Amino acid sequence: GDDSDDVAFSDRTSHSNYTQILHQEVKVSRSQRQLAQYGISDEMAYQGDKVIPSLMRLLEKHFYTSTVSKAGSATTPRQMGGYQAFITDNKISGATLAQSQFENAVKAAYTDGGSGPWVAGCHPDNLQKVKNFYDSSNFLRVDRTEGTVGMVIERVLTPYGSVDLLLDRWAKTAQIPLIDPKHAGFLTYYPFTQEPLAKGGDYDLSEVVGEFTLCVRQDKAHAMLTNVS
């Protein structure tokens, strides 16, 4: 006949991030737009299309380099936070990077509730180091008829889950983030759009502008190798 005991509970909290505006002007002279060019029907649209990959690379760089999110002001642009603004736990030192350290980072994320598969954004130097963990006679067997030697590692299987290796020239040499894509991703607040601007002379002017942010939840489901050397 005992009364029911109270159930323990936790207040629900959520992370936040600011959106970041990416912008670039496109300027084309009147004479250039009048030229007939093979494969290019509109020079303004063509130049606008060339801008978007450049802005996408800038967004990718911010993922790796932005440590905090900023609201912005009249003199400072608004800035989204990258992965470093969210991964505050499960940081494993990667000094003299070894297989045990790499797997310890995966274990830390798994122990705190992550399930993977994780994605590890690797600078070319770090991808080579990870490759060297497994690129040995113990793992690689080459048939006598094979004329190609070497191994390209795209996924690492650990006791705690798998990790997809992502080669990225913008990744930092001193860090390797292990991101669970189920709990992280980019949000398009406003897609890239090319809009005309007021003329100021013998040319046409437009801008390509878009607004994006990084969303991360379950911060302990991710991990990061720091001080990688």
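Anyway, here's the lowdown on the structure attached to this text.

### Observations regarding the sheet that holds strand S7 (residues 184-197)
Next up, step 1: In spatial order, the strands read S1-S8-S7; together these three strands make up an open sheet with antiparallel pairing. With partners counted over all chains shown, the strands left at the sheet margins are strand S1 (20-29) and S7, one partner each. In this sheet, neighbouring strand axes are inclined to one another by 15° on average, regardless of whether the strands run parallel or antiparallel.
Next up, step 2: Bridge count for S7 against strand S8 (residues 203-216) is eleven bridges, and the pairing is antiparallel. By the bridge assignment for S8, Thr188 is matched with Phe212.

### Quick notes on the side chain of Asn126
Next up, step 1: Relative to the helices and strands, Asn126 resides in helix H4 (residues 124-134).
Next up, step 2: On the basis of relative accessible area, Asn126 is assigned to the buried category, the value being 0%.
Next up, step 3: Every residue in contact with Asn126, bar those within four places of it in the chain, is listed here: Lys172, Thr173, Gln175, Ile176 and Val228.

What counts and how
- Residues numbered from 1 in each chain as written.
- Predicted model: local features only at pLDDT ≥ 70, side-chain atom pairs only at ≥ 80, totals over all residues.
- Heavy atoms only, no water.
- Pairing = 2+ DSSP bridges.
- Helix = DSSP H or I, 4+ residues; strand = E, 2+ residues; numbered from the N terminus.
- Axes fitted to C-alpha atoms, helices over the stretch in contact; angles between N-to-C directions.
- Buried < 20%, exposed > 50% of the residue type's maximum accessible area, 1.4 Å probe, protein only.
- Contact = heavy atoms within 4.5 Å.

Note that all results are geometric; they support no functional claim without further evidence.
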